Structure formats: structure tokens, C-alpha cells
Amino acid sequence: MSVQAKPGAVEKSDLISVFIDGTEVQVPKGTLAIRAAEMIGIDIPRFCDHPLLDPMGACRQCMVDVPDMGNGRGMPKPQASCTLEVAPNMQIQTQQSSARAKKSQEGMLELLLINHPLDCPICDKGGECPLQNQALSHGHAGSRYDGVKRTFPKPVSISAQILLDRERCVLCARCTRFSEQISGDPFIALVERGALQQVGLYADDPYDSYFSGNVVQICPVGALTSVDYRFQARPFDLVSTPVTCEHCAGGCQLRADHRHFQVKRRLAGNAPEVNEEWNCDRGRFAFYSGRLGDRLKTPLVRDGDVMRPASWPEAIDAAATGLAQARGSIGVLTGGRLTVENAYGYAKFARVVLGTNNVDFRARAHSAEEAAFLASAVAGRRLGEGVTYADLEKATQVICVAFEAEEEMGAVFLRLRKAVRKKGLAVSTLAPYLSNGAHKLNATLVPTVPGTEAEVVAALDADADTIVLVGERAATLPGTLSALVALAERTGAALAWMPRRAGDRGAIEAGCLPNLLPGGRPVADAGARVDLAAAWGIERVPSRPGLSADAMLAAAASGQLAALVVAGVQPTDFADAVAARGALEQAGFVLSLEQRASEVTERADVVLPIDLLEAQAGTFLNWEHREGRVNRINKQAPSSMTDLRALAMLADALGSDLGVRTAAKAKAEFDELGAWDGVPAPAPQVAAPATGLGGGIVLASWRQLIDGSAGNDGADFMLATGKPAVARLSSATAYALGATEGDTVTVATGAGGLELTLLIEDTMVDGVVWIPGNVSGRGLGELRVVPGATVTVTGGAA
């Protein structure tokens, strides 16, 4: 019998034949023996082996016999199959055909169990533990050891989120290899020797990695556990549901484990095309925000200065009355929490029911240049027509513009680091300083003062093997997106837009933009409007381009818009939070569709409670335009509804028919529409601004992964691992201000200031101050500025 592995994956000449337990298998050169065995369904026990980590042979559990190395000579002793590369005509005998291999494996298990504690009844790993499973399938029925077991004080906290039980550890080194090879955070290591060897930490560095939860998942025993899940449930009591992470546009596939209709933990799913088998700590641990005391469970209607509970019929009638009175003068603001189906519902509701193109998902700093860029370079693209995760590994150069991968999209960071480490990918970043994430990518810093990106981009060298990743922060940097489009056209480089929020890519395709209809159809194109009107069965689609989110708020504040429909938006999301609050207060009527009480619900006239994401079904589109399913886990608030159902009820009350009430119906209709195949919208052509910066210090900023975002609320242990909020200055700039590291400095504008501890950054551009984009719920919107603006910095001896 002969088996060929992965037919068509490699050239026939690159395949070699090996014999495993008498079965011939053809595998690529360099294949490990343990992988070759897997290809024909032979299970060799192992602990240290992991397909995404470099082989180490630490546990010696995967021993096999090699009677013939392919040259007629055998190996005198059993070999670790996880480090053994096969050779042509090699003969390998596993525990299924070799008594010596079987005895070696049984002996290793017996030695591992000598000092392993009998914690199984209370261990979080019990029920899904490889040590348990392999002791039963490959070990002795009983133990011959009756001595005293080695013990350590337990547990040891290696971070606020991760606990270590050293006596359970089998020294497989999976955790230390992950930290060193995958995430680049070598804060843990194997220390001591012999029977005293254990996982230890660096003296002054807690294991505050953004990816620390992965070491818990890959630990083959219960040595590493998370504080969140410790003693919460047993694996056999849990129901598992695949979901897509809602915290960024990476599209990570996760497994949500729930018990009694409550999520107990989330694990990284196995998605080789996306996040492989990893995810960031935010996606793993931040799922508590919907359980807090501010969860909305019943509709609310304003009665004077008080928001009182109301029934759904009363709330829908009140909302319909307010919207009917404002008909023709309404704006729709949507946030990043929406699935494709819900975003499509809002886009259709605005056009069909309200008769307006005033709809915008960009509840953040944005610009007209960005709207043109999204219409011309992003909307209407299908998976495979743009850059993918796989393309990142094939590129020779990746340039990051207004994008910090580790902070803004963890899965992309891990894929870039893999390409850097294994394929020599060259990474460059346009930034004011070399961040920790960029340092771990061995990135080349292109020193850039915020606001001068367009000029720097114009001078970049690129070619057809270059990928440019541009973040949403480029929207506030005039001329940058135009310069990037020109760079791509001039050099053949691929350009990929990297939004921060999970729902943003889908919102574009769904038509939640004032200049775009569903499928990337331009509002200005008469043929696109006719096409859509026929599909929706309506007389016409509004032809007048709508207002942007900022313009809607300004119009509401001045009385030009009579009503606002707001879903998943916070005033602090906007570039000017003060103006956003003022607009909500001055608007004639505000309808809020929300999951938790917020500054918007405080100022609303009617509040409709919306289902948490875990109680909905739907789809997210990630930055690649890849679909990720959102599966319904439970229904925690019986009185809440999905956005689609609420919008359909509003449409009925207003005398219209939305046409979709369920996610399945909305997705089917959206898919049937398809992408626009007409003339694409023109690319933006905004000139680079003058480089004279004037007086003051230039502000640089981006949001950190673990910050004061509302989605992180309730994940207290994870929040404790976040980076401290600091202000970063170059030594020269700090010296000019009379400040030293550790001083408290105030970064201020005319609208207010933030007091932060000063950190001297060696790679920082002079004349620039960096601060985090969200500090304890306070964003740059409180200062009423965007990166590139000038601010004052005071403190220290000055």
C-alpha cells in the first residue's frame, strides 16, 4: 500500500518515499517523522510537539524505532519523531509495530507521572488533558512509584491574568517557545536544572503579553491557567460554539465555551487562513461587557427629564412619531458593532423608509478624502481580489502607514512576525517612533512627523512584491490616502485598508456611507440607483449624496437636521467628543438602539434595547473581505431584539416595508445584489499639505489594544495587564521642556488636558509627543484634536 501526501501540493520530484509500520508514504523532503505518521492516520503520543512551533524534542514522549535509516543501517536507540526528518526509503516503526518504541513511550509517561500531582479532580485541564488521555491510551495501568512527590507553592502569578502550577509542568517548553517564536515576548523561560527545572520569569518583567492566553490553551497539562476561567467549569459541562471575534477587523475564528447559557471562556479556533491557532488576549478574555449592571433590558421613553421603562409597542410608536415628524431631515449614525446583516438593515432603512443617504458608520475621525478612497479602492472588492493573510507571507516588503499591527490587529501582527522570522520579510513603518510591536518585527523606522505622511509616502521605494497596509488613522492625515493610491499605481504595490473595528468592512459593503449604496454602488451613478431601486421594489433611491457623520452632528446642533438614529456609537469615538455631546443634546429627536446604557442613551428620546452579539446570528467581513460567521449562543435579555427586527418594526409603524426581518433574509438579499460592476468611483486626489508646522509640539497617537474601550469593561484581570498610559517624548524635546523621565506632564489644548507620566523614547522624532488614544475612557475627542495637531506640553522643572 502506498499513500501520497497532499497530491499536487509539491512537485513529484520533491517527494520521497518512507515506510511507517510497513505502509509506504510519499512526503516532501524535510518532513518530520511525526508529520508523516499523521498523514496516514497513525497517532504518536506527544507533549512538546506543536505544528506551529519549532521542533525541540523536549518531552521525549514521541519515541519511534528506526531499524533502517534508508541506507541499510538502523539507529541503535529509539528516536524522537518530532525532531527526526525522514530520509528516502527510511523504515520507521511506531508503538503499533515495535515493542521497543512502545516500551519507551510507556517509560516516559511513567517518569512524567512520578512527580505529577493528583490534581485531576480540581484541575481546569481535567477532561481535556493530553496527559490524562495519553496516560490512558499509551501508559501503564498502574504506577510503581510510592515515593514522595516534588511540590512547589502554588499557584504562582506570572501576570495578573496567568497563573502557574509548577508541579504540574512537564517541561514541554511550549509556552516558552510560543513567547519567544510567535509573540516575541520572552518574559518566561525554563530555569534551573534536573528535578528543579521549572518555568520562571524575568525578575523585573511580568508576563504582560497581548497574547498570553495562548500559552494556557497550548499547555498540554494544567500547569498554566487563566484567572478568569480557573474553577469556573469542567470541559465536559461546556457547550462549544464557533464564533468570529468582534473586537477588531482581523476576523479571528474563536470557540466560545458556554454553560447554562453563559460564556465561560473563549479559545482560539483552528483557522489556518486567518489566525491559524492563535488570538490576542482581548479576543480571548473581553466578553464580559454585556453582563454589567448597565445592560439595557427594556425599552425606554423620555418623559420630561426622566427616561422611563416602556413596552415595545409604546416605544416603537413613540419612535415612529418622532421620526415621522422629522421625515426628510434625519441622519443615521452606526458604529462598529454591527454585523453585515444589521449594517445592511440600517443602510436600507435610511434609503427606503427615511428617504435619505444620511448614513455613516464612521463614528470616529474621518474625512471626505477617506470617503472617496473607500469608494474607489475598498468597496466592492471580493475575497482574493485584494491582499490576504497568505499574501503577507509571500511579500518581500510590507510598509505600514498609520497602522500599528500589534495594537490594532493582533492576528496581522502575528502573521507578519511569522513571515519576518521564517522568510526574511522586510517591514517598514511610517511612525514618529519605533513601537514595541515594530521592534519585534525588526521593522525599519521611517521617521515621520504626524501630518507629513503624504510627503513621506511620495518618496517611498516599492515594487510589485510590496504590500502597503494603511490604517484608518490615515483619514485625518491630508493627502496620505491620495499619495498611497498614486504609489500603488506607480509601482504596482498592493494596497490594503486596515480598519480597527470588526463591523467596518461589512458596513462599507452594506452601504453605510453617504456616498455609497450596497455593494459599492456610487450614489452619484444613476444606473446604480435604478439597479438598486428595482431590486428593492421601490420607485427611486435618493440621489442626493448624504452627510458624513461629523456633518450630521453639526447639522443636528444647528437645527438643520431634526432627528438622529444612533446605533453603537459613543461621543468619545468622535474627533470632537464635546461637539458630539452637544449635537445629541440639541437634536430635536434622538432614537438610540443600544445594548448598554451610554452617553447617547442618556440624551435619547427613545431607547430600544438590542441583543448582545452572542444572542445574534450573522456575519462579519474582515479586512481581507473574508466572511466570518457569528453564531447565536444564548438569549440573555428576553425583552431585547436584534437591530433588524427593531428596524422592521419601525418601518411597519412608519407605513413602509423594510423587506428583511432576520439575518438569513438580509444576507440572502445582500448576496443577491452582489457587487457593483459598473464604472468605479474616482480615486481621491488631495495634495499634500504644506510642511510648515508652526509653533507647539505635534501630537501623535493611536489606541492601544488593551485600553479604556467599552468592549473591555468587566475584563478586570485582562485590563490589569494593559500597558500604562504614558506620554512619550524624545530626550531633546524633554530637555527643552525641562522634564525628565518619570515626571508628570500635561498634554493640553484649549479644550482641556491629560496628565500622564513622561517616558523618554530614544527613537522619537523631535518636536512630537505621543499619547494613547484612549485613557480610562477618555479619548482624543476630549481634547478636540486629531494626530497632526499641535498641543502644549508642560511639566517637570518648567
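Caption draft 1: A look at the state of the cysteines. What the rule picks out here adds up to zero disulfides. Here Cys62 stays unpaired: no disulfide links it, and the sulfur of Cys82, its closest cysteine neighbor, is 3.7 Å away. Left unpaired, Cys123 is separated from the closest cysteine sulfur, that of Cys129, by 6.4 Å.

Caption draft 2: Molecular detail of helix 22 (residues 663-673). Along helix 22, the positions that sit buried rather than exposed are Ala663, Ala666, Lys667, Glu669, Phe670 and Leu673. Along helix 22, the residues classed as buried sweep out an arc of 165 degrees about the axis, all on the same side. The exposed set on the far side of helix 22, more than 90 degrees from its buried face, consists of Ala664 and Glu672. Gly674 lies just past helix 22 and shows a positive phi near 70 degrees.

Caption draft 3: Inspection of the nonpolar core at higher detail. By size, the foremost hydrophobic cluster in this structure holds 100 residues, and its most contacted members are Leu392, Val412 and Leu469. In contact with Leu469, other than residues within four places in its own chain, are Leu392, Val398, Ile399, Cys400, Val401, Phe403, Val412, Leu416, Ala496 and Met498.

Caption draft 4: Inspection of the packing of helix 4 (residues 174-183) against helix 12 (residues 410-423) at higher detail. Following both chains from N to C, one finds helix 4 and helix 12 inclined at 85 degrees, their axes separated by 8 Å at the closest point. Classified by the interaxial angle, the pair formed by helix 4 and helix 12 is roughly perpendicular. Across the interface between the two elements, Glu180, Gln181, Ile182 and Ser183 of helix 4 pack against Phe413, Leu414, Arg417 and Arg421 of helix 12. Its residues assigned to classes, the contact of helix 4 with helix 12 shows three nonpolar, two polar and three charged.

Caption draft 5: Layout of the sheet that holds strand 28 (residues 606-609). The sheet built from seven strands is open, its strands ordered 16-15-28-27-26-17-18 with mixed pairing. At either margin of the open sheet sits one strand with a lone partner, and together these are strand 16 (306-309) and strand 18 (359-360). Where strand 26 (residues 563-567) lies against strand 27 (residues 589-594), five bridges are found, and the strand directions are parallel. Each bridged residue has a counterpart across the sheet, and for Leu564 the counterpart in strand 27 is Val590.

Caption draft 6: Spotlight on the side chain of Thr480. Assignment of secondary structure puts Thr480 in helix 15 (residues 480-491). Here the side chain of Thr480 touches Leu477 through a polar contact of 2.9 Å, landing on its backbone oxygen. Those residues in contact with Thr480 that sit more than four places away from it in its chain are Glu369, Val401, Glu453, Ala454 and Ala474.

Caption draft 7: Molecular detail of helix 12. For helix 12, with 14 residues, the first-to-last C-alpha span of 19 Å sits near the 20 Å given by 1.5 Å per residue. Helix 12 sits mainly inside the fold: ten of its 14 residues count as buried. Taken together, the buried positions of helix 12 are occupied by Gly410, Ala411, Val412, Phe413, Leu414, Arg415, Leu416, Arg417, Ala419 and Val420. Gly424, located one to two residues past helix 12, shows a positive phi value of around 70 degrees.

Conventions and cut-offs
- Residues numbered from 1 in each chain as written.
- Predicted model: local features only at pLDDT ≥ 70, side-chain atom pairs only at ≥ 80, totals over all residues.
- Heavy atoms only, no water.
- Disulfide = S-S within 2.5 Å.
- Buried < 20%, exposed > 50% of the residue type's maximum accessible area, 1.4 Å probe, protein only.
- Helix = DSSP H or I, 4+ residues; strand = E, 2+ residues; numbered from the N terminus.
- Arc of directions from axis to C-beta.
- Core = buried A, V, L, I, M, F, W, Y, C linked by side-chain atoms within 4.5 Å.
- Contact = heavy atoms within 4.5 Å.
- Axes fitted to C-alpha atoms, helices over the stretch in contact; angles between N-to-C directions.
- Parallel < 35°, antiparallel > 145°, perpendicular 65-115°, else oblique.
- Nonpolar A, V, L, I, M, F, W, Y, C, P; charged D, E, K, R; others polar.
- Pairing = 2+ DSSP bridges.
- Polar contact = N/O pair within 3.5 Å; in protein donor to acceptor, adjacent residues only side chain to side chain.
- Expected span 1.5 Å × (residues − 1).

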